[in-house]
Each structure stands twice: as C-alpha cells, then as structure tokens.
Number of protein chains: 2
Amino acid sequence: MTVQSKSNIRPSSVTTGPIAGSRRIYSSPEGRPDIRVPFREIALDPSAGEEPYRAYDCSGVYTDPSVTIDLEAGLPPIRREWIAKRGFDRLQPRAVRPEDNGNIGDDKLVPACPADHPVYGGRPGQLVTQYEFARAGIITDEMIYVAHRENMGRAAMIAGAEARIADGESFGAEIPAFITPEFVRDEIARGRAIIPANINHPELEPVIIGRNFLVKINANIGNSAVTSGVAEEVEKLVWAIRWGSDTVMDLSTGRNIHNIRGWIMRNSPVPIGTVPIYQALEKVDGDPTKLDWEVFKDTLIEQAEQGVDYFTIHAGVRLRYVPLTAKRVTGIVSRGGSIMAKWCLSRHKESFLYERFDEICDIMRKYDVSFSLGDGLRPGSNADANDAAQFGELETLGELTKIAWDKGCQVMIEGPGHVPMHKIKVNMEKQLRECGEAPFYTLGPLTTDIAPGYDHITSAIGAAMIGWYGTAMLCYVTPKEHLGLPDRDDVKTGVITYRIAAHAADLAKGHPAAKLRDDAISRARFEFRWEDQFNLSLDPDTARQFHDETLPKEAHKVAHFCSMCGPKFCSMQITQDLRVEAERMAGMEAKSAEFEQGGKQIYLPQQAAE
Amino acid sequence: MTVQSKSNIRPSSVTTGPIAGSRRIYSSPEGRPDIRVPFREIALDPSAGEEPYRAYDCSGVYTDPSVTIDLEAGLPPIRREWIAKRGFDRLQPRAVRPEDNGNIGDDKLVPACPADHPVYGGRPGQLVTQYEFARAGIITDEMIYVAHRENMGRAAMIAGAEARIADGESFGAEIPAFITPEFVRDEIARGRAIIPANINHPELEPVIIGRNFLVKINANIGNSAVTSGVAEEVEKLVWAIRWGSDTVMDLSTGRNIHNIRGWIMRNSPVPIGTVPIYQALEKVDGDPTKLDWEVFKDTLIEQAEQGVDYFTIHAGVRLRYVPLTAKRVTGIVSRGGSIMAKWCLSRHKESFLYERFDEICDIMRKYDVSFSLGDGLRPGSNADANDAAQFGELETLGELTKIAWDKGCQVMIEGPGHVPMHKIKVNMEKQLRECGEAPFYTLGPLTTDIAPGYDHITSAIGAAMIGWYGTAMLCYVTPKEHLGLPDRDDVKTGVITYRIAAHAADLAKGHPAAKLRDDAISRARFEFRWEDQFNLSLDPDTARQFHDETLPKEAHKVAHFCSMCGPKFCSMQITQDLRVEAERMAGMEAKSAEFEQGGKQIYLPQQAAE
C-alpha cells in the first residue's frame, strides 16, 4: 500500500502496511499507560504450542494500518507532552535563507513541509539534555521508554536470561538480565549510552545506543548533486526503518537540502543524524577554504531547530594530523575529514571546529543534539588501517568527549572504515580507553578492499565482529559503496545485512533476548512450519519468494522437505522419524534405570544406545 | 560466449571466455617447462606505473579463448604423463549398472560422457597417494605445481613478504614467505595439507588445502529429485569455478547421477567431492535401513573409478552419539548424518562406516581419493552448537584420522554448521587438537539462524572468522540455503561471498601475497582509475554495472567522482588536491631540515605542519 500526498512535487508516496505475518502492537511500562512502546508481533502457529513472537520495531506508524499517514502533517508528536513539562523557551526560529536550499530558483524549490513545528531551546542552567537529567539523578520519560523497549516489552526478567548472559562473551560489557529505567539513567550518566533526542523532534520514538543494550544500526540516505530527489529520500527513510534501521543519517549535499530535511524530520520516528559541514560547504559554494565559524554556527542552529538528533562533527581533524595522511595509500576518505583537512592546510591554521569546540557544545546542549564525533581520518583501505593519523585523531576525540560531557552533552564516537580482521579488536579497545567508554559507532569496518559491489558483505564481517567486541551502533554499507548512490534495493540489502551483523553480535555478547528468536525460527524449521520460518526471518518476503521459486504451491508450505534435498533426503524428516524411535527406546531404558536406582536417576538420553 | 554440444540431451552450453579485463596465462616453475600453472592476469593502466596483476585462477581452460571446449571429449588430461610414470595397473572398470542411474528408463537416461577414460588403480605396497609419496620423501609433480600456484607464479620471494606475515595474526599457523615444493611435501607428510587428486582424474589442475596455504572455498552443486538436470549441473560447475571455487562437490541425489557425474568429472579442472552414501541410498530405494556394506563398497569403487577426488564419509556418526541429539532443537541436519543415524538406531548396531573403516581406507588409498570426514552431527541451529553430540563425533573423527593416515590416505575434516561468533574459535582449536592438525573444512558457520534468504551473509561472517583461526577450506552457503536449490545466480553470489571470506582470512593471517591485491585496488580507487578498480575486483561485471547505473558514459570512467558523493564532495579528490599542497610544504620543510642536519634527516611528512 502506498500513500499519496496532495502535491506532485512533494513526497509522493511511501511504503506502508505491516511486514508480512506481523502487526504493530504497543505495550506500556508498569504504571505508565501514556507511554506506548511499539513492537512487532509475529503470529506463529498456535497448534505448535507457539506464543506470538515479539520483535523490536523501529518502523514507525507506517506499519500500523490504523494510523492514517499524512506526510504534510507529519507524524504524531508523541514526545510533545514530555518536552512541554520541562519548561523550555519557545524560540523565534531562525528565518530560512535562500542559501539554505542552495539558492535554487523558485521553480525548482521543494516546498517546506507544512507540518506544525514550534521551536524550543533550553536555557543555561536548565536541565536540557538526557545526560544532564541523568547526572542530576532524574529518570526521563525517554529513559522509561527505552528500558521497556530494550526488554522487548516484558514486565519481568525473561526466563533463562542470566544463563544466556553467562553463556556469552561480552568483553567486559555489563549487560543486565533485566533493564530498569534506573539502569538506563546510570548508563547515560556514566557517558556509556545516549538517547539521541532533540527537543525539537517530538515525533521521535526514543532509542538507546550503548554497549550494554541491543546493538543498533544506522542507514545513510541523502541526495547528491548528481542524482536523487526529495520523493526518493523520504521513501528511503521509511523503507530503511521498515527493514530495521534504528537511526538514519541524512547525508544530502545537493540543493533543497533544508526543505528536504524538513520533510524527513517531521516524518521520522527514528533519530536523524546529519553532517552539518556538508551544508555549510554548500553555503560557501563548495570551496572548503571559504568556510568559517560563522557559517558553520549558523548551520548548526538551522539544523538543530529543525530537530536533527545528532551531528557528526569532525573536530578531531587537527592541523597536525593532516600531514600524517600524506603517505597513505588512500589519503583521507571521509568527506568531512577531507573538507576540514583542506581548510586547515590551506590556511595553515588549527581547525575552527577544534578551536570553537566549547561553543559547539553550547549550541548542541541547548537543543540536546548528541555529538557523533567524526573520524575524519578513518582508513579508506586496509593498508591505512590503525595508522598514526587514525589513532592520533581518536586520542583527540577522547579529549573532546570529556569537554562535551562537562558541557552537558551526549556523545558517541565514530570509527572506521577499512580494517582487516586482525586489526579490528584494538580499535574497540583503544576507543573504550581513550573515550571513557562513550558509545562507539563504526562504519563497517570493511575487512578487504577487493570486492566493490559486495561491500555490504566485506563490511558485515567486520561489523559483526566489532559489534561483538563492544560497538554500540553499526553504520551500514550498501552494495553500491565506492560505486554510486544506493537505490531502494540497495538500502534494503544494506539494512538487512546490518541487522544480521547486529544480531550476530547480540548473540555472541549473550544479550538475554537475542537468542529467543533464533530458537523460535529453528523450532519452526525443524517442524516444517514454513510460514512461521518465513515470518520470523529478517526479510519474510525474500525468504518466501526464494522458497516459492521452486515449490510455489500452498501444499508445499506444509511439506516436510524443500527443493534443496527433496523428500527422500531431508535430514530433518529423517531425524524426526528417528527421534520417535529414540524416545521410545530411551523411555524403556529410563524406566529400567529408574527401577534399578530407586527413581533417583535423572533421565540421560545417551544411555539409550549404550 | 557459449559452446554448444552436439546432442540436445547432453550438456548444451557452458560459459566461456575471459573474465572482464583479464586473460588466462601460464607460468612454469624453474626447470619444469612441462608444468604449466594457470593464472589470471589483470591488465592495469601502464601509464599509472602499474604492472599487470596476477591472480590465482581456478577457472580452467574455459576462460582461455585459445582452447576449443568440447564437453564430449573432456578437458585436456594434463596429469596423464605424471600419473603414467607411477606405473599403476590399468583396471577393467566396474560395469555400469541400471541402479547407478536410478534404474531410469532409456528414454530419460542421460548418455554417458563419451570422453576417453582409462581406469587405474594402485597396488598394495606401491606408492599411490600424495601422502604416501610425501612420507617417502618424494616430491610429486602435483606438489611442484601447487607450490608454484601458491606463490602466484613468482620464482622468488615477494618483496615485503616477511613483514606482511609478521603483521598478521595466524594463531599458530606457519605460513612461509616463499613456498617450496619441499615445504608442500613436508606439510602433506605431516597430514597438515592435502592435494585431492584421484589418479583417475587426469584433467585436474592440482590445488592444495591446508592451514599454511591460501584459504580455499568449495561450491556445492547437484540436482535433487525435485529439480535440475545435467545441463544445469555442468554449467554450474563451470560457472562456480569461473568465479573462484577451488573445489566443487557434486551432491546429486536424483536419477542419472552416475552419468551426470561422468560429465562433471571429465570436464572439471578442480577437485570434485561427493558423498557416496547419497548414491548408495538411491540404490536401496531411499530406505536407510536397507543400506549395507556391500552396496556402499560398490558405490565407493564406482565413484573412485570415475575419478572423484574426495569422499565425505560420515564414519563418526556412531550409535552411541545418536541419542545425544534427541534433545536438540534441530536434531540432525546433515543428510549423511541422518541416514547413518537412522541405520544405526533401526538396527541398534554400530555404524558400518565405522566398523569397516579399514576397508574404506584401502579402497580410497588405491585411487588416492582423499577423505573428507563428515560431521554428520553438526549443529543445525545456534542452540545446538558445540554440544556433546558434535564434539563427541569430532573426537571420533580424530581417531579415524590417525587410522586413515596409517593406511596412507589423505584426510581433511568437516566442520559446522550453525555456531554463534563466540563459540567458533573453540571449534578450530578442538579440531586441531583432536585431529592432529589435519585440514579443517567448514560449512560457514552461520552466526545466526534468523536470516533465511541471506545465509550467504550470516555464514560469511563465521567463515571469515574460522578461516582466520585456521580453517583450510570454506564450504559456501548460498542465499537459497534452507529454502531451495540454488540456481546460477545463487551459485555466483555464494562463490563471490566465500572468496571474500577466504581473502579476509588470508589478509588477517598475514598471507604474504594476499594484501597485494587490496593495495592495487586501493591505489586504483584513489587515483580514479575506474577500469582498473572494476577489473581488480572479485566481480568486475557487477562493479562496472553498479557504477554505470548512475554514470554510464565512457567519460565517467575517468571522472574524479561517482554518484555517491558527486564532484564537489569527493573526499579522494579533495585529498589529492591537498596532497599536492602538503608535499610542497613538506618538501620545503625537508629541505630546511636537510640543510640543518647535514642531509641525514629522513623525510618525515608529519613535520610539514608542526
């Protein structure tokens, strides 16, 4: 199902309706019926004794058929009341200027999103950010929301949670068996987790990013000067979150970026991140040497007022590090990093982002925009991994983290990039050490350079590993990486691939809820409940389609084989047959053993055949 | 280009012609012009100072336009002379019986491949297997061949090889900087590597499988009773090796399997593996309880005479282990494992594969068929990973390895399966310990169960990791795993995905040649040599197609940007600009330093800006 908007130059359609076999449900924490946390409930075959499975859901109300989607009105502002009671000043918003949209002619200007959007700002001394509330010992509504969300809506500890944690290897993370709002508060106060949640983004469904929570993923969208427009970008947002992207970065660099961002913000239930230097560069006609603090500051305010939840700030690209990249095989591969390096070198001056960092903190704190401290010197090839430039910048990011915390800001740290497997772990260890355990947010890393067209896979390997080691959020890489702008199919492939990496990491860390889904799908697989297997998978549509390519009939949905092995060679069917036999024999042996040992012997199946 | 065969019921066409941007070349070891080892030479832009890049090539003469492909005549028997001088007996081949092809009617019978195929067998006491030659201190032609192949045809050590080895982490592997035939012999004699090379497969281009060599991959092909026929299977073989599969397993289970196998053997330049129990089961009408030693023995001889290079033998599925699977979430998921478990349990007898293992060794030694000791009890879900059944079987495989070595056979060991990341390493460690360092050959492992349709990715994560830890060969998993029989596209996706995993492992282990390709493609990327980047990639066609989707013009092949970032935001272009600036400044500083310190100061680029 698609939803049409009224104007043909406005976002024309987005994908709505539930994911196959599931429905969006809401669950409220004890005593807070006003907080409605979304989940995706997957119906399973009750005749198999299966309860419906409850999955994390970041798709927004786009998957809720009871909600009418109106892109012009924007999403329901579920945080409005929570924010209102904090008493922020209502601001006179900064006026939009022609350069905000690249000085584009009226005939090509994307109209602003008409959704109602009052703008607020915190005062000095007032508690504004989640970090400030947490440090003050106050549990916010957002914290209650994410605690319930991380617990998959369960009101009590899941059976076996402690055993599953003990069975994992979390490299020093401290994942609890049950997440309380107080635990969330404490993690945020310690700087170990963030809830990116601009006070001007009331449509947000809060999400927590930290090593002791479920591993999150980010999808990048955004037009470039070469291709893509507003309709595609809003649909990419909805499409990315449909398949499981926890946050979305809008990396647009062409014209109309202010207005496109407005449409994205008002229609996004997930945190939106941006790289403000991109727009600042547009305002100075693409010449990095013309950048200055004033245009950058103006851009920060512009975007913060729109409601952007986190900013990538490349303040670690210091003048002294730039020459360290001169002998690299691939130089500087971060766009923001190369812009700032060029600025520093052309003026032979220290980066204004570094020198003005205090002021940046003050602006970001005012709206609770979280820092995503950019790794502008990340390696762009295996050859450059873990070099002096990369690690020098990481040390500076650690220094800046402490400043940002002192200023009351939430902080996460961006990481590489291209890193061979044996050099990944040291990245995590150094990041934790240098940055006081602030959440790590990595791009991949790509474990080899030789597979353009498949870099979702080269990077999923590295992403799963670094997620296991402790990275809190994984930025996806699509099959188009290094080759072109991802389209809709690429976005989905990237998101599903990174959901795999994040989930593999959760499993290995011993996250208490992660394994439940694997067990549920494995039971469905073993019992030939094909529909349950499809619906429990990350991408039910593809699983079903692949199955049906060779066995399309409805009767095959209950068949005890698939086309891979055919009916005679299905190991699972053979096992089911022999299980009946084994249980019969085991039962006889057990009864006999029970008799001999006065009933104290616990049944051990291996006795059956010995 | 495709090649037609004469008969329309015979394999109708296979893909031929070079992979884009490359050509098949041959290189001979010093003093052995008769040994012609193939490589794939990728032409790079000479104006950029790049030499052609030489890649490993397992595609056979299908990519050599100078060779006329005739599927009915089979491939040139390049090993015929080497084998002939060993003086084996020419045998009267076992007569083909109707049950070999599933008693299919004449109208549906695939005709036998008419290629000339004399059958040989070794005598007791004669040196037959590569293991026996190695133990006797004799370097075979196959050993010389693989040494040159592993060195990428280089006659001397590659510059920087030792540094790259030192930079890696190989977990106790002993990868040399330059591979000599004597090193190959020694590794085989120690049981740490195998060259699967049936004396009845003279068309084989030898390949070595071992922890101290390049990580290899295997692709499974084969029809099932439900779908696929001979034409598709031969094309799948050619297609799989085109994209980089080092060995291929024919897992056919339907009718016509004897004759289809004949076509595959005569037209395969790579080692072919099979699971003889599948065909044995066909001979007893699919009822495992009717299997016996005689029908199995007959099948071993039948397939060994055809030239199969390695057999999966599930001799570790002992009666005592079967009940250990009773409480598993997914029971037994190996086809061979479930067949043998059913046999054992129904008769309440020890497996005839285990009890007759000596005799199996004698047969396999006679033709030099290598063992691939099957893990019939591998886990089929994360829940069952590393359990008592799996590890019990692995201990038995260790016991059998020593027996097979005593009998003169080459041995590798199959491994899992479904294993979460944190439980992978112990699999490798236990395998090395239990099986005396015999090569490990794993299926994935899949690191989560929840992504059917994407199990090439869930498993590539595990495959890359276990390859790094020491697995010698990785059996691919395609996107169709758990859902259906892979088609041509799935085979390619699986092979490329596993080439990524194997290469990522080689890089992490510090294989001295692996990083050269990453560096070459990274230079091409940084210098906007798009054609070089496409051609150096694992799949040039896909890389080029993805690029051209948004920037199709020839002029874009030299453009200093792609559609992802557009011209203004290309970090690599900005870096190139600033590198010019940095070098100018560094030059000035260096000259100044040189002057001050009497010319002894080595240029350090970071001085430029400090």
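This one's a predicted model, so the numbers in the text were calculated from it and none came from an experiment.

Helix and strand counts for chain A come out as 20 helices and 15 strands. In terms of overall dimensions, chain A is globule-like: its C-alpha atoms have a radius of gyration of 26 Å, near the 25 Å expected for 610 residues. Dimensions of chain A along its principal axes, counting C-alpha atoms only, are 85 × 55 × 50 Å. Across chain A, the fraction of contacts at a sequence separation of at least 24, relative to all contacts at a separation of at least 6, is 75%. Charge separation in chain A, taken as the distance between the mean sites of 70 positive and 85 negative side-chain charges, equals 2 Å.

Moving on to the pattern of salt bridges. Scanning the model with the defined rule gives 98 salt bridges over all chains in all. The salt bridge involving Asp-89 of chain A is made with Arg-123 of chain A; its shortest N-O contact spans 2.6 Å. Of this pair, Asp-89 of chain A sits in strand E4 (residues 89-91) while Arg-123 of chain A is found in the loop between strand E5 (119-121) and helix H2 (130-135), placing the two residues 34 residues apart along the sequence. The exposure class assigned to Asp-89 of chain A is partly exposed, which follows from its relative accessible area of 31%. One salt bridge in this structure joins Glu-142 of chain B and Arg-86 of chain B, with 2.5 Å as the shortest N-O distance. A residue pair is termed long-range when its members are at least 10 positions apart, and Glu-142 of chain B in helix H3 (residues 141-150) and Arg-86 of chain B in the loop between helix H1 (80-84) and strand E4 (89-91) qualify at 56 residues. Here the two residues Glu-142 of chain B and Arg-86 of chain B agree in accessibility, since each one is buried. It is possible to trace a salt-bridge network through shared partners that takes in Arg-94, Arg-97, Asp-100, Arg-261, Lys-283, Asp-298 and Glu-302 of chain A.

Let's shift gears to the pairing of strand E14 (residues 440-443) of chain A. Residue and element names in this part refer to chain A. Residues Phe-440 and Thr-442 of E14 are buried on one face, and the alternating residues Tyr-441 and Leu-443, pointing to the opposite face, are buried as well. Bridge analysis of strand E13 (residues 411-415) against E14 gives 3 bridges, and the strand direction is parallel. Paired with Ile-413 across the bridge in E14 is Phe-440. Pairing of E14 with strand E15 (residues 473-475), which is carried by 3 bridges, proceeds in the parallel orientation. Along E15, the bridge assignment pairs Tyr-441 with Met-473. Where the polypeptide runs from E14 across helix H15 (residues 455-469) and back to E15, its parallel neighbour, the crossover connection is right-handed.

A few words on the interface of chain B and chain A. Residue-level contacts link 125 residues of chain B with 125 residues of chain A. Summed over both partners, the interface of chain B with chain A comes to about 10400 Å²; 70% of that surface belongs to carbon and sulfur atoms. In this assembly, chain B and chain A are joined by 4 salt bridges. The partner of Lys-423 of chain A in a salt bridge is Asp-167 of chain B, and the shortest N-O contact between them spans 2.8 Å. There are 18 residue pairs in polar contact (both at pLDDT 80 or more) connecting chain B and chain A.

Attention shifts here to the sheet that holds strand E8 (residues 216-221) of chain B. Residues and elements named next belong to chain B. If you trace the 8 strands once around the closed barrel, you get E8-E9-E10-E11-E12-E13-E14-E15, paired in parallel fashion. Each adjacent strand pair in this sheet contributes to an overall mean axis angle of 25°, direction not counted. Those strands touched by helix H7 (residues 257-266) are E8, strand E9 (247-250) and strand E10 (272-274), and its axis lies near 155° from that of E10. Taken strand by strand, helix H12 (residues 357-367) contacts strand E11 (310-313) and strand E12 (370-373), and its axis lies near 140° from that of E12.

Attention now goes to the sheet that holds strand E1 (residues 22-27) of chain A. Residue and element names in this part refer to chain A. If you trace the 3 strands from one edge of the open sheet to the other, you get E1-E2-E3, paired in antiparallel fashion. In the strand order of this sheet, the two ends are held by E1 and strand E3 (53-56), each with one partner. The average undirected angle you get between the axes of adjacent strands in this sheet is 40°. In terms of strand pairing, strand E2 (residues 37-42) meets E3 through 4 bridges, oriented antiparallel. Among the inter-strand pairings, Arg-40 is bridged to a residue of E3, identified as Ala-55.

To continue, consider the nonpolar core. The tendency in soluble globular proteins is for nonpolar side chains to be buried side by side. Core analysis: the largest hydrophobic core is formed by 296 residues, its most contacted members being Phe-371 of chain A together with Phe-371 of chain B. Apart from the residues within four sequence positions on either side, Phe-371 of chain A is in contact with Phe-311, Ile-313, Phe-357, Ile-360, Cys-361, Met-364, Ala-404, Cys-409, Gln-410, Val-411 and Met-412 of chain A. Counting residues in each nonpolar core, the second largest holds 23 residues, with Ala-134, Val-184, Ile-195 and Leu-204 of chain B among its members.

Once that is clear, we can look at the packing of aromatic side chains. What the rule picks out here adds up to 26 aromatic pairs over all chains. Aromatic side chains Trp-343 of chain A and Phe-352 of chain A sit 5.0 Å apart centroid to centroid with 80° between the ring planes, which places their arrangement in the edge-to-face category. The interplanar angle of 40° and the centroid separation of 6.1 Å between the aromatic rings of Trp-530 of chain B and Phe-534 of chain B together place this pair among those described as tilted. Of this pair, Trp-530 of chain B and Phe-534 of chain B both sit in helix H18 (residues 530-536), 4 residues apart, which is roughly one turn of the helix. Each member of the pair, Trp-530 of chain B as well as Phe-534 of chain B, carries the same accessibility label: buried. Ring-pair connections join several aromatic residues into one group, and the members of that group are Trp-293, Phe-296, Trp-343 and Phe-352 of chain A.

The phi torsion of most residues other than glycine is negative, and most of the peptide bonds are trans. The linkage connecting Pro-416 of chain A with the following residue, Gly-417 of chain A, adopts the cis geometry, with an omega of 5°. Locating Gly-417 of chain A in the fold gives a position in the loop between E13 and helix H14 (425-434). With an omega of 5°, the peptide bond between Gly-444 of chain A and Pro-445 of chain A qualifies as cis. Backbone geometry places Asn-103 of chain A, a non-glycine residue, at a positive phi of 55°. Structurally, Asn-103 of chain A can be placed in the loop between E4 and E5. Unlike most non-glycine residues, His-482 of chain B shows phi in positive territory, near 75°. Here His-482 of chain B lies in the loop between strand E15 (473-475) and helix H16 (488-509).

Below, the discussion takes up helix H10 (residues 335-347) of chain A. Every α-helical turn comprises 3.6 residues, leaving residues that sit three or four positions apart pointing alike. Residues and elements named next belong to chain A. Taking 1.5 Å as the rise per residue, H10 with 13 residues should run 18 Å; its terminal C-alpha atoms sit 19 Å apart, in good agreement. The element H10 is extensively covered by neighbouring structure, given that 10 of its 13 residues are classed as buried. For H10, the set of buried residues is Arg-335, Gly-336, Gly-337, Ser-338, Ile-339, Met-340, Ala-341, Trp-343, Cys-344 and Leu-345. His-348 occupies a position one or two residues after H10 and carries a positive phi of about 50°.

Our next topic: the confidence of the model for chain A. Detailed reading of the predicted coordinates is not advisable wherever pLDDT falls low. Residues and elements named next belong to chain A. On average, chain A scores 90 in pLDDT, and the residues at 70 or more come to 91%. Note that residues 594-610 has pLDDT below 50 and, in this model, 21 contacts with residues that lie over four places away or in other chains. The ipTM assigned to the predicted complex is 0.93, against a pTM of 0.93.

Procedures and definitions
- Residues numbered from 1 in each chain as written.
- Chains lettered and ligands numbered in written order.
- Predicted model: local features only at pLDDT ≥ 70, side-chain atom pairs only at ≥ 80, totals over all residues.
- Heavy atoms only, no water.
- Helix = DSSP H or I, 4+ residues; strand = E, 2+ residues; numbered from the N terminus.
- Rg over C-alpha atoms; globule rule 2.2 N^0.38 Å.
- Contact = heavy atoms within 4.5 Å.
- Lys, Arg positive; Asp, Glu negative; His and termini not counted.
- Charge placed at Lys NZ, Arg CZ, Asp CG, Glu CD.
- Salt bridge = Lys/Arg side-chain N within 4 Å of Asp/Glu carboxyl O.
- Buried < 20%, exposed > 50% of the residue type's maximum accessible area, 1.4 Å probe, protein only.
- Pairing = 2+ DSSP bridges.
- Right-handed = clockwise from strand over helix to strand, strands pointing away.
- Buried area = accessible area lost by both parts, 1.4 Å probe.
- Polar contact = N/O pair within 3.5 Å; in protein donor to acceptor, adjacent residues only side chain to side chain.
- Axes fitted to C-alpha atoms, helices over the stretch in contact; angles between N-to-C directions.
- Core = buried A, V, L, I, M, F, W, Y, C linked by side-chain atoms within 4.5 Å.
- Phe/Tyr/Trp six-rings, centres within 6.5 Å; stacked < 30°, edge-to-face > 60°.
- Expected span 1.5 Å × (residues − 1).
- pLDDT = per-residue confidence, 0-100.

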